[in-house]
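Listed here are the chains, written in short residue letters.
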Amino acid sequence: MELFVSEGNPHCLKVLAALKVTGVQCGVQFVNHEGKVVPFLPCPAVPTLFLPSGQHLFSSNTICRYLFELNGPESSDQCNQWLEWEATILQPALLRALHLAVLQGKGSEVPKVLQGPLNVLDQSLAKGSTAYLTGEAVSVADVVLWGALHPVLSVSSLALSDHKSVKAWSDRVAAVRGCQSAAQKVLQGKGLEAMKSYMQKQPAPQSRDTQPCNGSPAETDEGERAVSEEEMEAAALIWSKDLNACSHPAEKQHPVMPQEGNRNVLITSALPYVNNVPHLGNIIGCVLSADVFSRYGQLRGWNVLFVCGTDEYGTATENKAREEGLTPQQICDKYHAVHSSIYKWFQIDFDFFGRTTTEKQTEIAQDIFWRLHKNGFLVEDTVEQLRCENCQRFLADRFVEGTCPHCSYPEARGDQCDKCGRLINAVELREPQCKVCRQTPEIRSSKHLFLDLPKLETQLENWLERSTSSGDWTANAKQITRSWLRDGLKPRCITRDLQWGTPVPHPDFKEKVFYVWFDAPIGYLSITANYTNEWEKWWKNPHQVELYNFMAKDNVPFHSVVFPCSLLGAQDNYTLVSHLIATEYLNYEDTKFSKSRGVGVFGDMAKDTGIPSDVWRFYLLYVRPEGQDSAFSWADMALKNNSELLNNLGNFINRGGMFVTKFFGGCVPAMELQQEDKKLLAVVGWELQQYIQLMDKVKIRDALKHILNISRHGNQYIQVNEPWKKIKGGESERQRAGTVTGVSVNIACLLSVMLLPYMPAVSQTIRDQLNAPQTCINTMLQGPGTFVCALRAGHRIGTVSPLFQKLEADQIEALKKRFGGQQITASTQPAAVPAPPVVAEVKVVDGSDPEKAKQLAEAVAEQGDKVRALKSQKAEKAVITAEVSKLLDLKKQLALAEGKSPEPAPQKGKKK
């Protein structure tokens, strides 16, 4: 093997460091930046690795990964996610930063340019408990990110003091054998000055906030993509073809049923709990992502059925009913309507939005239960449970908290510890407390039924091997599923001592109901059954139907392990999930969404902001947490609206349409394509292909960037050709103005189709303004992508008007303040007077106020979450101290409301 590198090239620093860290035997040659070491490439490509097979690798990240995997294990999914992030997010920002620092002498602006990516890296490192990005040993991800950042971080004048975790991590990687010597060889001890010659050869980066995203992030090139003559001619040939002959996309005929010979796609989004109003994170994690993919699938010509509904059984519903003085059914009816209204405003286009409190749910759940019982996959066992005598009920896992038995974390839940991540049996908690009344529960015994997961483990693993290898499972879905299987499966309880739920039909358990996570996923089947009596054609048809499940990552185990085991054990030819799509978490600004504290935007509030639902959809999809947690930010939303929607996308589409109206009487002019036009067609066609490849793989956020790339290309094309000037010139110049205008409005037509899954109302508005033929919808996204001339010469367009409005700073500041939340104080009164407990009456001690105590208990829990989040993020000490003070004050208020002394009593085993 032979590695070709050049001095001053930051990509060469990465590969040289990887070579030295791995110790792979390989020759190294230094060449100049213009060295053409790969003969078949039209432009120089350094670094390049010549393999013994005669092949060449010339992507720096691919070379690094190859070197690490040569004598070691395959890169983990987490490593690959970091490499993708480095190529698509960090590198474009670094290119701009280096251009400013090295060529323009504006080093002071570098921290601002890199702030966003470094915040992400710093937060991830702060949250992690390992020395390096993916574990206790240095990985290819560490070397690649360190090599990319080292030239900037090593310059003291550009030191980024706000990112202490990044600095500590960088120092650790720098100490690894070979890293510093690689930096010395590439930078020659000259720092950024050594990069001047290299940077002068690079195209000036566009001044924009977003970065382009490539279908293969590890292969991202620096600079403009080269377009060959063959690509230009092929694009021009496609452009000249006619739209599809069929008149227009047919309206959906309900009920939608599987079709022989078509791709039949069944889409579900995780059923939202009925008793909660969904916040923005809930919306992007499940229903919005699924809606985008459903709309896209229909554009591709697939036969799609999209179902969802409210999950209505369980303790949470009982508790909400008690709080509001309603019956559980009344609560379900009330909040089902709230959910339906919210999703309708967000333009979520379900084929059917149902609910789990139906006869079909009971019928199907009980049928699966009896099949599992008949097939020997259910076992009985006596369970010790926590029962609160004050509330007169057994406590569901999430209604009890205490000290973790594994790591001593003081606020672990009854099912899992948020700190160490270990699953917990509630009776194992030390010093448990009922979260409703804060009394200490007692341990009681109760007989329950369990799904025998160990007995189904082999079947499950065989199915998972097939599904994860052939389907599109997100990396986190695979990781979470593997972690469940790694320690071996254990029997899982499927019954509960509750009243509100699907009744267990077994005579020995007639006082019990099904545990919500056995019952809730069956809701997908029963909701479909309420949509069509022929539901089994979707749910018992694994050879004809592909099932996509959309959810947030906390729901993964129930969809990848528990529910599939239920269906496998039923042995009734059920359709199992083919593609499991899980997002990470969306946070709100620098904290969590909290209804009780008024923090964050919830679904029923979004429409009151005056911001159109399409803009909400766009921004949520732009920051969709695909590979890691992300955050909603008012300032960033305004920036993306004003830069990407208003100045980029909207500006381009409006300009083309206005030129047709103003210069050509409202009719598309004749177009005579030159090489420059053909090149643009090829570039746009390539972006379209990347969009389709990404959307096919459900990379929704990344695909959106290609839409914005196309409008950027279009704006640059108009700016360079200046049709508003050429229209005033001679015949050839007027013809040129006509061609540029005609090509531009046709690109706008393409954009309207690509936007349809993301911004359906805006998409329709664009097509209305262009008077675009309906056939463009079922042409553009066929096959690998077909960019044809949909608006021919002479086509009359409609009335053109701006698509977007600017979000002003004062408007955003007011919204940020409105949704920033405020703490409950002693004078705060409950919004509604909760109903008295159904069974037991709460005894009021002198000076106590049970209703206020209930409100304050929620506030304490929320503030505790906030403090823990700040500590895990290693926030500034002053910030943490202030929030801890608020927490202590709330606890004192809670003690007073409970009729206790506000001074904490000594507790056994705890330090004073």
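Residues numbered from 1 in each chain as written. Predicted model: local features only at pLDDT ≥ 70, side-chain atom pairs only at ≥ 80, totals over all residues. Heavy atoms only, no water.

Trainee: Tell me what's going on with the overall build of the chain, and back it up with residues and numbers.
Mentor: Check the secondary structure of the chain and you find 30 helices and 20 strands. Contacts in the chain between residues far apart in sequence, at least 24 positions, make up 77% of those at least 6 positions apart. Working note: accessible area of the chain is about 39,200 Å², and carbon and sulfur atoms make up 50% of it. (Helix = DSSP H or I, 4+ residues; strand = E, 2+ residues; numbered from the N terminus. Contact = heavy atoms within 4.5 Å. Areas by Shrake-Rupley, 256 points an atom, 1.4 Å probe, with all protein chains shown as cover.)

Trainee: Can you lay out the pairing of strand S1 (residues 2–5) for me, pointing to particular residues and giving the numbers?
Mentor: Both faces of the sheet carry side chains from a regular strand, because those side chains alternate between them. In this structure, S1 lies alongside strand S3 (residues 48–50), joined through three bridges in antiparallel fashion. What sits directly across from Phe4, in S3, is Thr48. Two strands pair when backbone bridges link them, and S1 and strand S2 (residues 27–30) are joined in this way by four bridges, in the parallel orientation. Directly across from Val5, in S2, lies its bridge partner Phe30. In terms of handedness, the path from S1 via helix H1 (residues 10–22) over to S2 forms a crossover that is right-handed. (Pairing = 2+ DSSP bridges. Right-handed = clockwise from strand over helix to strand, strands pointing away.)

Trainee: Could you give me a rundown of the confidence of the model for the chain, with the residues and numbers involved?
Mentor: Scored by pLDDT, the chain has a mean of 85; 87% of the residues are at 70 or more. Taken as a whole, residues 822–847 scores under 50 in pLDDT and shows 36 contacts with residues more than four places along the chain or in a different chain. (pLDDT = per-residue confidence, 0-100.)

Trainee: I'd love a proper account of the packing of aromatic side chains, names of residues and values included.
Mentor: Under the criterion given, the structure shown has 31 aromatic pairs. A ring pair is formed by Phe632 and Trp634, whose centres lie 5.1 Å apart and whose planes are at 85 degrees; its orientation type is edge-to-face. Taking the relative accessible area as the measure of exposure, Phe632 reaches 0% and is therefore buried. Through successive ring pairs, a cluster of aromatic residues spans Phe293, Tyr296, Trp302, Tyr548, Phe550 and Tyr691. The ring of Tyr585 has Lys553 lying over it, and the distance from NZ or CZ to the ring centre is 4.7 Å. (Phe/Tyr/Trp six-rings, centres within 6.5 Å; stacked < 30°, edge-to-face > 60°. Buried < 20%, exposed > 50% of the residue type's maximum accessible area, 1.4 Å probe, protein only. Lys NZ or Arg CZ within 6 Å of the ring centre and 35° of its normal.)

Trainee: Give a detailed account of the sheet that holds strand S11 (residues 412–413), specifying residues and quantitative values.
Mentor: Read from one edge of the open sheet, three strands run S11-S10-S12, paired in antiparallel fashion. The two strands at the open ends of the sheet, each matched to only one other strand, are S11 and strand S12 (430–434). Pairing analysis gives three bridges linking strand S10 (residues 400–403) to S12, with the strands arranged antiparallel. Of the residues in S12, the one forming a bridge with Thr403 is Arg430.

Trainee: Outline the pattern of salt bridges, supporting the account with residue identities and numerical values.
Mentor: Oppositely charged side chains may form a pair once their charged atoms are brought near each other. If you walk through the whole model with that rule in mind, you get 34 salt bridges. With a closest N to O distance of 3.3 Å, Glu676 and Arg736 form a salt bridge. Residue Glu676 is found in helix H23 (residues 675–696), and its partner Arg736 is found in helix H26 (residues 731–755); the two are separated by 60 residues along the sequence. We classify Glu676 as partly exposed; its relative accessible area is 34%. (Salt bridge = Lys/Arg side-chain N within 4 Å of Asp/Glu carboxyl O.)

Trainee: Describe the side chain of Arg355, and please don't skip the residues or the numbers.
Mentor: Residue placement: Arg355 occurs in strand S7 (residues 352–355). At a separation of 3.4 Å, a polar atom in the side chain of Arg355 contacts the main-chain carbonyl oxygen of Cys332. A polar contact is formed between the side chain of Arg355 and the side chain of Asp333, at a distance of 2.8 Å. The contact partners of Arg355, leaving out residues within four places of it in the chain, are Gly309, Thr310, Glu312, Gln329, Cys332, Asp333, His336, Ser526 and Ile527. (Polar contact = N/O pair within 3.5 Å; in protein donor to acceptor, adjacent residues only side chain to side chain.)

Trainee: So what's going on with the packing of helix H2 (residues 60–70) against helix H5 (residues 140–153)? Which residues, and what values?
Mentor: Between H2 and H5, the least distance of the axes is 10 Å, while the angle of their chain directions is 145 degrees. Every pair of crossing elements has a handedness; the one defined by H2 and H5 is right-handed. On the side of H2, the interface is formed by Asn61, Cys64, Arg65 and Phe68, while H5 contributes Val140, Val143 and Val144. For the contact of H2 with H5, the per-class residue count stands at five nonpolar, one polar and one charged. (Axes fitted to C-alpha atoms, helices over the stretch in contact; angles between N-to-C directions. Left-handed = near helix turned anticlockwise from the far one by under 90°. Nonpolar A, V, L, I, M, F, W, Y, C, P; charged D, E, K, R; others polar.)

Trainee: Quick one: what's the story with helix H10 (residues 280–299), residue by residue and with numbers?
Mentor: Along its length, H10 shows its largest kink, about 35 degrees, at Val287. Among the 20 residues that make up H10, 18 are buried, leaving the element largely enclosed by the rest of the structure. Taken from the residues just after H10, Gly301 is the one with a positive phi, measuring 90 degrees. (Bend = angle between axes of the 7 residues up to and from the residue.)

Trainee: Now, about the pairing of S10: what can you tell me, with residues and values included?
Mentor: In this sheet, S11 lies alongside S10 in antiparallel orientation, the contact comprising two bridges. Counted as the bridge partner of Gly402 is Ala412 from S11.

Trainee: Tell me about the sheet that holds strand S9 (residues 393–394), and please be specific about residues and values.
Mentor: Sheets are built from strands that pair by backbone hydrogen bonding, the pairs being arranged parallel or antiparallel. Spatial ordering of the open sheet is given by S9-S8-S13-S14, a layout of four strands whose pairing is antiparallel. Edge strands, defined here as strands with exactly one partner in the open sheet, are S9 and strand S14 (492–493). Where strand S8 (residues 378–388) meets strand S13 (residues 442–451), ten bridges bridge the pair, whose relative direction is antiparallel. Bridged to Leu378 within S13 is Leu451.

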